[in-house]
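# Structural characterization, general
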Amino acid sequence: MKTDFLCPKCSGYLSVGQNVIFQIRNRENVGGLLLLSPIIGDYTYVMHPSFKISPGEKVDFFCPICHASLSVKGVENLASVILIDENSTKFHVVFSSKEGEQCTYKISDEVIEKFGADSDNYVDFVSASMLK
Ligand SMILES: [Zn+2]
């Protein structure tokens, strides 16, 4: 199964190898790189061991190519990217940028799929704002 993740601003490919790469910034305004699994609902992540994120800390996500903020406007703690699946279908993927919060939405024109134990947290916002 081959899927691609793209920046919503510059359409640059964020998928490299078995990871999706993000530029991040922590509460102390220290920048780093974060690797996420391309499998939606897999919340493991990899970063340099010198980079620290506390439990529950909100992290700001940016595109590593154009450096645009990936934060979703109008709500705390959510970021979004574009997913192109193996059938070339485009989705918005919205995920929590708060450490430990397991919450992802895969959004097409008609349907919102929820993933993660905390996925009820923003479902009202996502339903109201992303489905037009
Ligand atoms: Zn970009």
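Check the entry above for the structure.
Residues numbered from 1 in each chain as written. Predicted model: local features only at pLDDT ≥ 70, side-chain atom pairs only at ≥ 80, totals over all residues. Heavy atoms only, no water.

## Considering the side chain of Asp85
When you line up the elements, Asp85 lands in the loop between strand 7 (78–84) and strand 8 (90–96). For the buried residue Asp85, which engages in no salt bridge, the nearest side chain bearing the opposite charge is Lys106, 5.1 Å off. At 2.8 Å, the side chain of Asp85 and the backbone nitrogen of Asn87 are in polar contact. Sequence-distant contacts of Asp85, defined by excluding residues within four places in its chain, comprise Lys2, Thr3 and Phe91. (Helix = DSSP H or I, 4+ residues; strand = E, 2+ residues; numbered from the N terminus. Buried < 20%, exposed > 50% of the residue type's maximum accessible area, 1.4 Å probe, protein only. Lys, Arg positive; Asp, Glu negative; His and termini not counted. Salt bridge = Lys/Arg side-chain N within 4 Å of Asp/Glu carboxyl O. Polar contact = N/O pair within 3.5 Å; in protein donor to acceptor, adjacent residues only side chain to side chain. Contact = heavy atoms within 4.5 Å.)

## Side note on the coordination of the zinc ion
Cys7 (SG), Cys10 (SG), Cys63 (SG) and Cys66 (SG) make up the full set of protein donors to the zinc ion, lying at 2.3 Å. Considering all four donor atoms around the zinc ion, the spread of angles at the metal, 101 to 114°, places the coordination shape in the tetrahedral class. With a relative accessible area of 0%, Cys63 lands in the buried category. Cys66 gets classed as partly exposed once you look at its relative accessible area, which sits at 32%. (Donors = N, O, S within 2.8 Å, 3.2 Å for Na, K, Ca; no water. Tetrahedral: all angles 85-135°; square planar, octahedral: opposite > 155°, others 65-115°.)

## Considerations on the sheet that holds strand 8
On the basis of which strands lie adjacent, the open sheet formed by five strands has the order 1-7-8-9-10 and antiparallel pairing. Bordering the open sheet on either side are strand 1 (4–6) and strand 10 (112–115), each of which pairs with just one other strand. Averaged over all pairs of adjacent strands, the angle between their axes in this sheet comes to 30°, without regard to strand direction. As paired strands, strand 1 and strand 7 are joined by three bridges and run antiparallel to one another. Bridge pairing in strand 7 places Phe5 opposite Leu83. (Pairing = 2+ DSSP bridges. Axes fitted to C-alpha atoms, helices over the stretch in contact; angles between N-to-C directions.)

## Quick look at the pairing of strand 3 (residues 19–25)
Here two bridges tie strand 2 (residues 15–16) to strand 3, and the two strands are oriented antiparallel to one another. By the bridge assignment for strand 3, Ser15 is matched with Val20. In textbook terms, the turn of a hairpin is the stretch between consecutive antiparallel strands, and for strand 2 and strand 3 this stretch comprises two residues, one of which, Gly17, has a positive phi near 60°. Relative to strand 4 (residues 31–36), strand 3 runs antiparallel, the two being bridged by six bridges. Within the sheet, the bridge partner assigned to Gln23 lies in strand 4 and is Leu33. Linking strand 3 to strand 4, which pair antiparallel, is a turn of five residues; within it Asn29 sits at a positive phi near 65°.

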